[in-house]
Amino acid sequence: MSAQADGASTQSRFDRWLGPLGVGLAVLGLLVIATASAAWIGGARGWAYDFSAYFDAAQRLVTTGSPYQADLIAAPYRPGPYGLYLYAPPLAVLFTPLTAIGAEWGATVWLAMRVLILAATCVVMPVSRPVRLTMFGVAALSAPVLVDLNLGNVSLIVTFVTVLGWRWLDRPVSGVALSFALTLRPTMALLAVWWLVRGVWRPFAWMAVTGLAIIVLTIPFVGIAGWVDYVSVLHNVSNVTGVARNFDLGSAVLLFGGPAGAALAALYAGYAIAIVAVVLSLRRDREVSFVITVVATLLLSPLLWDHYLTLLLVPAAFLASRGKPAGLLLPLLCWIPTILVLIWPDLARSADGILPFVALAGLLLPFAVADRGEPAAKTWRQIAERRSTRPART
């Protein structure tokens, strides 16, 4: 049997069992979210931890005209403590309506909204229906999603707008969607660079115009000073390696008991691996390159909280859609630290150091799929065209 026929047979078997599996996982996922939500609202540990920071920022905006704490603007600080608001002004502006119903009801409404957003994320994925159903179940069972829902974070929002960018890749909608992601995760600016390097101007232009529109629309609420304060807040973030619950490669070295010098080297090594992966991805088709670039934003961030890994839903769905069903396990691999601690309690300090390597897997596994179409970057397309037109040797 030829390799092509064998691949088609494997894909056919995969499609047959994925349908029933997807329905079962989706139902299970709904049950898990419903049960967990009842426990969270009842006062679980971490409930609305990040939501409180957004809610308090909105209240400060209403009462003082600025969402930011004065000490974050005035001097360097380490992120992590309760209540810090480190985001661009639009999030605080969008949260102001919730201040009318109070923190308790606001947290519940915010939870419900993000469950719907999780469902919408899976619905709009440019993959088959069985993969979408399976992804919802996988997402609902994954540690990053459950942590995000409990904390009230915005990582699921970032994942949703990223999937919008994936579905309408290289179209204006992609630029508009990812401009919103940029207000929540500054490292998403890497996608703007990705478009520029590829010479794809329309989504980049829409991203820039939308970003400017967001700034203009929020100025009546926060003024120009609000955006200046945001730059100061970003500038003052310092010494993040080793911050509690930060799982970048440098922090992982510290969790494993390594020295500070090795941690710094690991942090920069992560940056280098991400950049090299994005450059190499330009030789692959644009969808492969997009997914790799999206995951690279995780490794280029000096802060990698565990809920940031909701972004692994993108490579997981992509790999499954390209005949690599093992990719569905990516978000579930984030349970490994918890499982290890249950088996060996002595690993409680170091087990979380595994998480950045799960992100590395999400970065590298898309290279394993076969290309569908021409290379993402014009330069590589031109090289491919020259090779295809070169006379054969006699």
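This structure is a prediction, so every number in the text was calculated from the model and none was measured.

Could you clarify how one ought to interpret the side chain of Arg322 in this entry?
Position of Arg322 among the secondary structure elements: in the loop between helix 15 (313–321) and helix 16 (336–343). A polar contact of 3.3 Å, which involves the side chain of Arg322, links it to the side chain of Asp285. Reaching out from Arg322, the side chain makes a polar contact with the side chain of Glu287 at a distance of 2.9 Å.

Would you explain the packing of helix 13 (residues 260–281) against helix 14 (residues 286–299) in this entry?
A pair of packed helices can be characterised by two numbers: the angle between their axes and the separation between those axes. In the contact formed by helix 13 and helix 14, the axes pass within 9 Å of each other and the chain directions differ by 170 degrees. Classified by the interaxial angle, the pair formed by helix 13 and helix 14 is roughly antiparallel. For the pair formed by helix 13 and helix 14, the contact residues are Gly270, Tyr271, Ala274, Ala277, Val278 and Ser281 on the first element and Ser289, Ile292, Thr293, Ala296 and Leu299 on the second. Across the contact of helix 13 with helix 14, the residue classes break down as seven nonpolar, four polar and no charged.

Honestly, the pattern of salt bridges in this entry has me stumped. Any pointers?
Pairing between side chains becomes possible if they bear opposite charge and their charged atoms approach one another. Counted according to the given criterion, the structure contains six salt bridges. Among the ionic pairs, Arg114 bridges to Asp148, the shortest N-O distance being 3.0 Å. Here Arg114, found in helix 5 (residues 103–124), pairs with Asp148, found in helix 7 (residues 143–151); they are 34 residues apart in sequence, far enough to count as distant. Between Arg284 and Asp371 there is a salt bridge, with the nearest N and O atoms lying 2.9 Å from each other.

Even after reading the chapter, I still don't get helix 7, so can you show me in this structure?
Most of helix 7 is tucked away, with eight of its nine residues classed as buried. The set of residues buried in helix 7 consists of Ala143, Pro144, Val145, Leu146, Asp148, Leu149, Asn150 and Leu151. Just downstream of helix 7, Gly152 is the residue with a positive phi angle, here 80 degrees.

Explanation requested: helix 14 in the structure shown.
Because each turn of an α-helix spans 3.6 residues, side chains separated by three or four positions end up pointing in the same direction. The first and last C-alpha atoms of helix 14 sit 20 Å apart over 14 residues, in line with the 20 Å expected at 1.5 Å per residue. The buried fraction of helix 14 is high, at 13 of 14 residues. Capping of helix 14 at its N-terminal end is provided by Asp285; its side-chain oxygen lies 3.0 Å from the backbone amide nitrogen of Glu287.

Conventions we followed
Every chain is numbered independently, its residues counted from 1 as its sequence is written. In keeping with the predicted nature of the model, local features appear solely for residues at pLDDT of at least 70, side-chain atom pairs appear and are counted solely at 80 or more, and the whole-chain, interface and lining totals rest on all residues. With hydrogens and water excluded, all non-hydrogen atoms of the structure serve as input to the side-chain values. Starting at the N terminus, helices and strands are each numbered in turn, a helix being any DSSP run of H or I of at least four residues and a strand any DSSP run of E of at least two. The definition of a polar contact used here is a pair of N or O atoms within 3.5 Å, where within protein one atom must be able to donate a hydrogen and the other to accept one, and adjacent residues in sequence count solely through side-chain atom pairs. What counts as an axis is a line fitted to C-alpha atoms, over the stretch in contact for a helix, and the angles between N-to-C directions run from 0 to 180 degrees. Each angle is binned into one of four classes, with values under 35 degrees roughly parallel, values over 145 roughly antiparallel, values of 65 to 115 roughly perpendicular, and all other values oblique. Between two residues, a contact is recorded if the distance between any of their heavy atoms is within 4.5 Å. Gly counts as polar in this scheme, as do all residues outside two lists: the nonpolar Ala, Val, Leu, Ile, Met, Phe, Trp, Tyr, Cys and Pro, and the charged Asp, Glu, Lys and Arg. Salt bridge criterion: a side-chain nitrogen from Lys or Arg within 4 Å of a carboxyl oxygen from Asp or Glu. Burial classes follow relative accessibility: with a 1.4 Å probe on protein chains only, a residue under 20% of its type's maximum area counts as buried, one over 50% as exposed, and anything between as partly exposed. Given a helix with a known number of residues, its expected span is that number minus one, times 1.5 Å.

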